[in-house]
Amino acid sequence: MTWFSKKNNLDEMQELKLLKIESKGFWIGFIGLFLAIMAQIFLFGQEYAGNTRGEFIVFLCMGIWLVGGCLRNGIWDRHLKASPAVNIGLSILAAFVTALFNAVVSYRNYQSMSGAFAVFIVYFLMTGTVLSVTLRVCSALYSRRKRHLEEENEDDAD
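Residues numbered from 1 in each chain as written. Predicted model: local features only at pLDDT ≥ 70, side-chain atom pairs only at ≥ 80, totals over all residues. Heavy atoms only, no water.

Asks: Just checking my understanding: could you explain the packing of helix α1 (residues 12–44) against helix α2 (residues 53–72) for this structure?
Replies: Describing two packed helices takes the angle between their axes plus the distance from one axis to the other. Where α1 meets α2, the axes come as close as 10 Å, and the angle between the chain directions of the two elements is 140°. In this view, α1 runs oblique relative to α2, as classed from their interaxial angle. In terms of crossing hand, the pair formed by α1 and α2 is left-handed. Counting all contacts with α1, which are made through F26, W27, G29, F30, L33, F34, I37 and Q40, the residues of α2 involved are E55, F56, V58, F59, M62, G63 and L66. For the contact of α1 with α2, a count of residues per class yields 11 nonpolar, three polar and one charged. (Axes fitted to C-alpha atoms, helices over the stretch in contact; angles between N-to-C directions. Helix = DSSP H or I, 4+ residues; strand = E, 2+ residues; numbered from the N terminus. Parallel < 35°, antiparallel > 145°, perpendicular 65-115°, else oblique. Left-handed = near helix turned anticlockwise from the far one by under 90°. Contact = heavy atoms within 4.5 Å. Nonpolar A, V, L, I, M, F, W, Y, C, P; charged D, E, K, R; others polar.)

If you want it as structure tokens, here you go:
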């Protein structure tokens with residue numbers, strides 16, 4: 001008697017519900033890891049950041065898997081378009097949040113407002129630039145892949 005079978009025992013409705021449950025679980029884990037890493041760095045300082053390597057590796061693997069899967073399947077986002085304006089806006093928002101977080105941690109550690117301001121500027125410029133370029137490359141890959149998938153669908157329809 002086998003206890004595992006490759007046969008799918010779920011009907012279409014159950015399959016859809018299971019996919020939604022798995023999706024929510026993935027996002028809870030992804031956001032939870034991000035918040036855990038940020039909380040540990042904020043509470044224990046930058047010198048403790050090395051102790052978050054395990055969480056960071058899992059977080060990074062989840063992110064790479066998500067981005068790779070979406071790009072491979074020609075999916076960008078449910079609500080946002082892959083446009084330069086959206087990419088720049090998201091880059092600025094993420095850069096601001098990252099820079100603010102690091103400036104607060106810097107001020108807490110060194111009690112220097114000018115140092116915290118310098119940290120804010122450096123992190124804002126670095127993060128904004130890296131994210132803007134990364135999103136631009138990803139949106140170009142997405143557009144190319146989406147075009148390719150649409151051409152395949154047209155060929156299959158003929």
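From this point, things continue past the structure.
Asks: Help me understand the packing of aromatic side chains in this model?
Replies: Counted under the stated rule, the structure contains nine aromatic pairs. A ring pair is formed by F30 and F59, whose centres lie 4.6 Å apart and whose planes are at 25°; its orientation type is stacked. Of this pair, F30 sits in helix α1 while F59 is found in helix α2, placing the two residues 29 residues apart along the sequence. Owing to a relative accessible area of 17%, F59 belongs among the buried residues under this scheme. By the ring-pair criterion, three or more aromatic residues cluster together here, those being F26, W27, F30, F34 and F59. Taking NZ or CZ as reference, R108 lies 5.5 Å from the ring centre of F42, over its face. (Phe/Tyr/Trp six-rings, centres within 6.5 Å; stacked < 30°, edge-to-face > 60°. Buried < 20%, exposed > 50% of the residue type's maximum accessible area, 1.4 Å probe, protein only. Lys NZ or Arg CZ within 6 Å of the ring centre and 35° of its normal.)

Asks: Please clarify how the packing of α2 against helix α4 (residues 113–157) should be interpreted in this entry.
Replies: Between α2 and α4, whose axes approach to 8 Å, the crossing angle comes to 40°. Touching V67, L71 and R72 of α2 are C138, L141, Y142, R145 and L149, all from α4.

Asks: Sorry if this is basic, but what is going on with the confidence of the model for the protein chain here?
Replies: It should be kept in mind that the predicted coordinates are not to be read in detail where pLDDT is low. Confidence in the prediction of the protein chain, expressed as mean pLDDT, is 89, and 95% of residues score 70 or more. Looking across the protein chain, the model is least confident in α1, with a mean pLDDT of 90, and most confident in helix α3 (residues 84–110), with 94. (pLDDT = per-residue confidence, 0-100.)

Asks: I'm lost on a negative patch on the surface in this one. Help?
Replies: Among the surface-exposed residues, E150, E151, E152, E154, D155 and D156 lie close enough to one another that they form a single negatively charged patch. In this structure, E154 sits in helix α4. (Patch = residues over 30% accessible without salt bridge, like charges linked within 9 Å, V, L, I, M, F, W, Y side chains within 5 Å. Areas by Shrake-Rupley, 256 points an atom, 1.4 Å probe, with all protein chains shown as cover. Salt bridge = Lys/Arg side-chain N within 4 Å of Asp/Glu carboxyl O. Lys, Arg positive; Asp, Glu negative; His and termini not counted. Charge placed at Lys NZ, Arg CZ, Asp CG, Glu CD.)

Asks: Even after reading the chapter, I still don't get α2, so can you show me in this structure?
Replies: The periodicity of an α-helix, 3.6 residues per turn, causes residues three or four places apart in sequence to face the same way. Helix length check: α2, at 20 residues, gives a terminal C-alpha distance of 28 Å against a target of 28 Å (1.5 Å per residue), a fit within 8%. Along α2, the residues classified as buried are F59, M62, G63, G69 and L71. Of the surrounding elements, those touching the buried residues of α2 are α1 and α4. G74 occupies a position one or two residues after α2 and carries a positive phi of about 70°. (Expected span 1.5 Å × (residues − 1).)

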